[in-house]
Amino acid sequence: MTFFLQMLVTGIVVGSVYALVALGFVLIYKSSNAINFAQGEFLLVGTYICLTLVASYNIPFIAAIFITLIFSALLGFIVEKIVLRPFIGKPIISMIMATIGLSSILAGFVHIIWGHETRVFPQIFSENPIQLGEIVIAPVYAWALVIVVIMLVIFSLFFKYSKLGIAMRATADDQQAALSMGISVKTIFAVAWAIAAIVSAVGGVLLGNINGVNSSLSTIGLKVLPVAILGGLDSIPGAIIGGILIGIIESLTGGYLDPLVGGGLKDVMPFIILVLILMFKPYGLFGKKEIERV
Amino acid sequence: MRNPFVMECGEFHVNYKQNMAIWKIPRVRMRIYLVIAFFILFPFIASDYIIGLATLCGIASIGAIGLNILTGFTGQISIGVGAFLAVGGYTSAILTAKLGLSFWLSMPLAGIITAIVGALFGIPSLRLKGLYLAIATLAAQVIILFVISRWDSLTGGTAGLVLSRPQIGSFVFMSETSYYYLMFAILFVTVVFSLNLFRSRVGRAFIAVRDRDIAAEVMGIDIFKYKVLAFFISSFFVGVAGALLGHYTMIVSPELYSISVSVEYLAMILVGGLGSVFGSIYGAVFITLLPVVLRSVVEILNGMFPGISDVLVGMREVVFGLMIILFLVYEPEGLNKIWRNIKDYFKLWPFSY
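Since this is a predicted model, take the numbers as computed values, not measurements.

**Brief notes about the overall build of chain B**
1) Next: The secondary structure content of chain B amounts to 15 helices and 4 strands.
2) Next: On C-alpha atoms alone, chain B measures out to a radius of gyration of 21 Å, which is about the 20 Å that the 2.2 N^0.38 rule sets for 353 residues.
3) Next: The principal-axis extent of the C-alpha atoms belonging to chain B is close to 65 × 60 × 45 Å.
4) Next: For chain B, the residues scored as buried account for 46% of the 353 residues in total.
5) Next: In chain B, the share of contacts with a sequence separation of at least 24, taken over all contacts with a separation of at least 6, comes to 75%.

**What to know about the overall build of chain A**
1) Next: What chain A contains, in helices and strands, is 11 helices and 2 strands.
2) Next: Secondary structure elements of chain A occur, N-terminal to C-terminal, as α-α-α-α-β-β-α-α-α-α-α-α-α.
3) Next: For chain A, the C-alpha radius of gyration of 19 Å lies close to 19 Å, the compact-globule estimate for 294 residues.
4) Next: With 294 residues in all, chain A has 51% of them scored as buried.
5) Next: Of all intrachain contacts in chain A linking residues separated by at least 6 positions in sequence, the fraction that spans at least 24 positions is 76%.

**Re the environment of Pro259 of chain A**
Residues and elements named next belong to chain A.
1) Next: Within the secondary structure, Pro259 is located in helix 10 (residues 236–261).
2) Next: The class of Pro259 is exposed, set by 10 C-beta atoms lying within 10 Å.
3) Next: Considering only alpha carbons, one finds Pro259 and Ile78, 181 residues apart in sequence, at a separation of 45 Å.

**Overview of the interface of chain B and chain A**
1) Next: Tallying the contact residues gives 37 residues for chain B and 35 residues for chain A.
2) Next: Going through the elements one at a time, helix 6 (131–150), helix 10 (213–218), helix 12 (259–272) and helix 14 (312–330) of chain B are the ones with two or more residues in the side of chain B that touches chain A.
3) Next: When the residues that make up the side of chain B that touches chain A are grouped by side-chain class, the tally is 29 nonpolar, 5 polar and 3 charged.

**Some details on the packing of helix 12 of chain B against helix 14 of chain B**
All names here are of chain B.
1) Next: Look at helix 12 against helix 14: their axes get within 10 Å of each other, and the N-to-C directions meet at 35 degrees. Between helix 12 and helix 14 the crossing geometry is left-handed. Touching Ala267, Leu270 and Val271 of helix 12 are Met323, Ile324 and Phe327, all from helix 14.
2) Next: Residue composition of the contact of helix 12 with helix 14, grouped by class: 6 nonpolar, no polar and no charged.

**What to know about the nonpolar core**
Residues and elements named next belong to chain A.
1) Next: Among the nonpolar cores identified, the biggest contains 198 residues, and Val21, Ala22, Leu23, Val26, Ala192, Ala196 and Ala228 are the most heavily contacted of them.
2) Next: Top element by residues in this core is helix 8 (residues 185–211). It accounts for 17 residues.
3) Next: Apart from residues lying up to four places away in sequence, Val21 is in contact with Gln39, Leu43, Val199, Ser200, Gly203, Ile220 and Val224.

**Some points on the environment of Val319 of chain B**
Residues and elements named next belong to chain B.
1) Next: Structurally, Val319 is set in helix 14.
2) Next: Residue classification places Val319 among the partly exposed positions, given that 18 C-beta atoms sit within 10 Å.
3) Next: In sequence terms Val319 and Gly66 are 253 residues apart; their C-alpha atoms lie 25 Å from each other.
4) Next: Ignoring anything within four residues of it in the chain, the contact list for Val319 reads Leu290 and Leu294.

**Considering unusual backbone geometry**
Note: most residues except glycine have negative phi, and most peptide bonds are trans.
1) Next: In this model, Asn58 of chain A sits at a positive phi of 55 degrees, which is unusual for a non-glycine residue.
2) Next: Here Asn58 of chain A is to be found in the loop between helix 2 (39–55) and helix 3 (61–84).
3) Next: Positioned with a positive phi, Met250 of chain B is a non-glycine residue whose angle comes to about 60 degrees.
4) Next: Among the secondary structure elements, Met250 of chain B is positioned in the loop between helix 11 (223–249) and strand 4 (251–252).
5) Next: Its 12 C-beta neighbours within 10 Å are what place Met250 of chain B among the exposed residues.

**Points about the packing of helix 5 (residues 139–161) of chain A against helix 8 of chain A**
Residue and element names in this part refer to chain A.
1) Next: In the contact formed by helix 5 and helix 8, the axes pass within 10 Å of each other and the chain directions differ by 170 degrees. Between helix 5 and helix 8, the angle is such that the two are roughly antiparallel. In this structure, helix 5 contributes Val140, Ala144, Ile147 and Met151 to the contact, and helix 8 contributes Val199, Val202, Leu206, Asn209 and Ile210.
2) Next: Grouping the amino acids of the contact of helix 5 with helix 8 by side-chain chemistry returns 8 nonpolar, 1 polar and no charged.

**Considerations on helix 8 (residues 176–197) of chain B**
All names here are of chain B.
1) Next: Look at helix 8: 31 Å from first C-alpha to last across 22 residues, which is about the 32 Å you get at 1.5 Å a residue.
2) Next: Inspection of helix 8 places Tyr179, Tyr180, Leu182, Met183, Leu187, Thr190 and Ser194 among the buried residues, and these make up the whole buried set. One side of helix 8 carries all its buried residues, which in axial view fall inside an arc of 160 degrees. Facing away from the buried side of helix 8 by over 90 degrees, the exposed positions are Ala185, Val192 and Asn196.

**Thoughts on the confidence of the model for chain B**
1) Next: Predicted confidence across chain B gives a mean pLDDT of 88, with 96% of residues reaching 70 or more.
2) Next: Model confidence for the complex: the whole-complex pTM is 0.90, and ipTM, which rates the interface, is 0.87.

**A closer look at helix 3 (residues 48–73) of chain B**
Residues and elements named next belong to chain B.
1) Next: Taking 1.5 Å as the rise per residue, helix 3 with 26 residues should run 38 Å; its terminal C-alpha atoms sit 35 Å apart, in good agreement.
2) Next: In the structure, helix 3 departs most strongly from a straight axis at Leu67, where the bend amounts to approximately 35 degrees.
3) Next: Looking one or two places after helix 3, you find Gly75, whose phi comes out positive at around 75 degrees.

**Overview of the environment of Leu101 of chain B**
Residue and element names in this part refer to chain B.
1) Next: Relative to the elements of secondary structure, Leu101 occurs in the loop between helix 4 (81–97) and helix 5 (103–122).
2) Next: Judged by local crowding, Leu101 falls into the partly exposed class, with 15 C-beta atoms found within 10 Å.
3) Next: Not counting residues within four places of it along the chain, the set of residues in contact with Leu101 comprises Leu95, Thr96 and Ser106.

Reading guide: rules and limits
Counting restarts for each chain: residues are numbered from 1 in the order of the written sequence. Chains carry letters and ligands carry numbers; both start at the beginning, A for chains and 1 for ligands, and go up in the order they are written. Residue-level local features of this predicted model are given only where pLDDT is at least 70; pairs of side-chain atoms are given and counted only at 80 or more, and the full residue set underlies all totals for whole chains, interfaces and linings. Only runs of H or I of at least four residues qualify as helices and only runs of E of at least two qualify as strands under DSSP, and these elements are numbered from the N terminus. The atom set for the radius of gyration is the C-alpha atoms, and the globule formula is 2.2 Å times the number of residues raised to the power 0.38. Every C-beta atom is placed from the backbone, and the number of other C-beta atoms within 10 Å of a residue's own sets its class: buried at 20 or more, exposed at 12 or fewer, partly exposed in between. Residues are treated as contacting if the C-beta atoms built from their backbones sit within 7 Å of each other. Residues are sorted three ways: Asp, Glu, Lys and Arg are charged, Ala, Val, Leu, Ile, Met, Phe, Trp, Tyr, Cys and Pro are nonpolar, and all the rest, Gly among them, are polar. Every axis corresponds to a line fitted to the C-alpha atoms, with the helix fit spanning only the stretch in contact, and the corresponding angles, defined between N-to-C directions, vary from 0 to 180 degrees. A clockwise turn of the near helix away from the far one marks a right-handed crossing, whereas an anticlockwise turn of less than a right angle marks a left-handed crossing. What makes a nonpolar core is a set of buried Ala, Val, Leu, Ile, Met, Phe, Trp, Tyr and Cys residues, with links drawn between C-beta atoms within 7 Å. Reported orientations rely on four angle classes, namely roughly parallel under 35 degrees, roughly antiparallel over 145, roughly perpendicular from 65 to 115, and oblique for the rest. Given the number of residues in a helix, its expected span is that number minus one, multiplied by 1.5 Å. Within this analysis, the arc is defined by the directions that extend from the helix axis to the C-beta atoms. You can read pLDDT as the predictor saying how much it trusts each residue, on a scale of 0 to 100. Bend is computed residue by residue as the angle between axes fitted to the seven residues ending at the residue and the seven residues starting at it.

Structure representation (structure tokens):
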């Protein structure tokens, strides 16, 4: 039982990070109908910047995070402007290949600038584990969960009350109507990309604190696909619930099934679930069903 | 003097046979024969290294044509080519190494088994299209590679399998030149098959499904059947390419078929031109040679900027991504369109119209 709870808690924490990254992914899909295959590289870039600020320039962690967020937002803006703007309304394959190309470029720059070896964040959170009944939680995990929850609350308030957030929802709902109400759809796209870059950077920094930083972090960008599909590609609550579900399933698979097959199933399980969902419920748990007319 | 570049001043067909011909003008047919002759004589003038590169380009072309049948002609995006190449390579490896079949039997069998696996993963296309299908094929890639790397008893796990070069009687295709001819023969068959495919009922149906699937269905095309058929035919060629590649490099292992391979193949058909048989070849050559050219450029620059070769891997990724985006922005129809533009220009040269 303790083992199960331990796995569950790990799953929820990792899942909440997935949820955060998937949030950015869904946001981009909702606003501009683009699948962002470069989400993982956004995460990578953000993490490395934060790491460099903390480790090489000895900037306090909180300040470093803020600088990282500002930089990520800028990255999102620039990417949207240069790489994605030309492909709005183009066939799906152009959009997919454009973001794949983008991810290749970003990954290349990360390799050139930061190299290949794994690096670790300096100790930021205390090492003394938190005792919760029988289960033990590392403070990093607890903090990660807290930060993700704070981020999610901030974003739900943002979408509910701020003018920009409401404009974003309006654009996602009906672009034409939003345009005629005087909303600048271009700005909305740019903001969506900036937010996606920000949440990925936060997710990356958290994961980097847990597992260390190397270029394999960007595989999260692929893992976000099952999360987003499970929740429904255009549903923000779906992304959050999907993220936590996938995190739990992954962690339990790692704990119970991996010893049976000799490891590795943990990383494949989300994709098996993905295929099952696509077969039986293509629009996910909360996604809007597309109706096609000729 | 006659303009040597003039190719045609119009097409005047007097019977259906002429109208259906792939190369309609005798002069164009002549040029094709010359191109074929050049590639047959090519090994006599090139070094082993160049012939090896050409073989790799040719094998990639077979795979790219396969993918183009699916993605370019039928409009079903697949991010799982890497895994299908792996299925082809592994099938041939297992059949030859473990069951002792000859290459000449194992290669078509590899194609057929890959085709069946491909068709299996094409079944979701009944309900999914576009983006969702692309994601499903990505999942196929991850799952197939997982199965391959875990099924130790059959596939040798992460260590992979060792293959031998094919042979006829006592002649082994060991030299670069002999393998080049083997590849060339198969590439030739592939090109002829796919050029003719799109003059047939099936090929036309594929194009109709791509252009507007609902309209195609209204016209009586069984979309599901043709989508699965497209997956089948496409995966067949990808499987054959996988088998050829496996016997050429003489090793198959899971990390040779990662997602980046799938992305490379997608880039090939995109750079070459979606929905074009010859475009697939141009794209395959372009993407295969890109890292080679880049490496030699870096080696030259290394004298001026020491240390630049350390960042070669990163630079390769940057250039690769940049190429994809530049082609998407400036020439979405790819190298094939560029080549056609050049030909069209010389058709009228020196007049502007």
